[in-house]
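Structural characterization, general
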Amino acid sequence: MNKNYFLEIFLFILLVVLTHSYLPTVSEVLSGSGSADFQWQPAKCVFEGINHYQSYLARDGNCKVFMSQLGEYAQGFYILIYPFTVLEWNDAKLLWFLFNVTLIISISFLLCKKFELGKIETYLIIFFILYSIIARINFIMGQQTIFTLFFLTLPFIYKSKLSIILSGISYFKYNIGYGLFFLYLISKEYKKIIFSIIPCFVGLIIYCLITKSSILKNIFQPFELMVFNSAQGSTLNRVFLFSFFRDFSIFNNFINYSLIGIFTLLFNFFLLKKISQINNNLLKLSCLCLLILISTPHWGHDYILLVPLLIYSIKYYKFDLFLFRINLLVCIYFLHLYRGIQIYLDIVFSYLKINTYFLSTAYPYLDLLVLLIVLILNLISSPLKKNPQKFLSEGF
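A short tour of the structure in this document, coming up.

From N to C terminus, the protein includes 23 helices and zero strands. By the burial criterion, 52% of the 396 residues in the protein qualify as buried. A separation threshold of at least 6 residues defines the contact pool for the protein, and within that pool the share at least 24 residues apart is 73%. With the model as given, the accessible surface of the protein reaches about 19000 Å², and the carbon-plus-sulfur share is 69%.

Shown next as structure tokens:
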């Protein structure tokens, strides 16, 4: 059988399987609770001249809280998604879903192309990612993580000034974009820092002009709102590496949060120094994403950041079979099985009338421990160090 013909049949089968499996996903997206996290309402308020940060902080009702759209992102994000605000809600969330599908395919394809994976490997990776539970959760919830990952990835693929500028869009989602900012800082790439903050600066100026807000006040309002929302169960309350100071009330709140901040910064600066010395950009991006997942609070949908690690492990599996197996198992678990296992354990614990404290607190720390071990293994045992001559050195 002709090889191209076989490939076409193979792709057709994958497409049929994906299309069929996505019927419930599309149905969820279009349901009344679909795309609850897509920041359509805050952006709509902005273009009606309302400072949504100020309105949400004051709870004055000028900008109504819609679903779980809490408006905590940086100003530039709401400016960028303006085209969605001219659409009705149902049309906007469908378009956001299609946009995110396009972005995750683009991320996978561009990384595979840049690091020279074969066609079959590329198609299988894209299929695996689209088929994963975590990708579907991102689509159903209308999350911004895939959007952020796309811009975080650009400087690891392209070496242009434009890619550096666009990479700053990842800063709009602070718990992810901060990692790239600090990597530029640790690498002493000060020009990249200046270029990358352009989207934040431009977004702030446009936001203030539209809403007639004070720049000096507005620049801090996203952080004020984030802290304000933390009292109501926002992302800040999630488990991360040093949150045990908070969760176990080791000291008073001020000391706990001070220690969290200090240890998180020291931990990040130490590991970012190691990451900055990596010559292969795919490994560098993979380790950066692992560090981000460990160091700052995240919801389960942010495990989509493991996409670069998945591609890296498949690209270089021949050089370290043990590390490849570890990386692949971790990617399969967090991208495919993580949510299902949690739900299953929750059911079992409830049936046995066992306290679910383990699931809500201890279990996430075990996940963090797994990710930390994987990060350390990739930093100290990567095939890059064992077989440097077999890797193309990709300049950062």
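Turning our eyes to something else, we now look at empty space enclosed by the protein. The final tally for this structure, using the stated rule, is two cavities of 30 Å³ or more. Looking at the second largest cavity, its volume works out to about 30 Å³. Along the walls of the second largest cavity sit Tyr73, Phe77, Gln144, Phe147, Thr148, Ile169, Phe172 and Lys173, which together make up its complete lining. When grouped by side-chain class, the residues that make up the lining of the second largest cavity number five nonpolar, two polar and one charged.

What follows is about the packing of helix H18 (residues 253–276) against helix H19 (residues 281–295). Put simply, H18 and H19 touch, their axes get as near as 10 Å, and they point 170 degrees apart. One finds that H18 runs roughly antiparallel with respect to H19. Residue-level contacts link Thr264, Phe267, Asn268, Leu271, Leu272, Ile275 and Ser276 of H18 to Lys284, Cys287, Leu288, Leu291, Ile294 and Ser295 of H19. Broken down by class, the residue content of the contact of H18 with H19 amounts to eight nonpolar, four polar and one charged.

Scoring rules and cut-offs
Residues numbered from 1 in each chain as written. Predicted model: local features only at pLDDT ≥ 70, side-chain atom pairs only at ≥ 80, totals over all residues. Heavy atoms only, no water. Helix = DSSP H or I, 4+ residues; strand = E, 2+ residues; numbered from the N terminus. Buried < 20%, exposed > 50% of the residue type's maximum accessible area, 1.4 Å probe, protein only. Contact = heavy atoms within 4.5 Å. Areas by Shrake-Rupley, 256 points an atom, 1.4 Å probe, with all protein chains shown as cover. 1 Å grid on protein atoms, 1.4 Å probe; cavity = no way out; pocket = protein on both sides within 12 Å on 5 of 7 lines; lining within 4 Å. Points joined across faces, edges and corners; volume = space filled by probe spheres on them. Nonpolar A, V, L, I, M, F, W, Y, C, P; charged D, E, K, R; others polar. Axes fitted to C-alpha atoms, helices over the stretch in contact; angles between N-to-C directions. Parallel < 35°, antiparallel > 145°, perpendicular 65-115°, else oblique.

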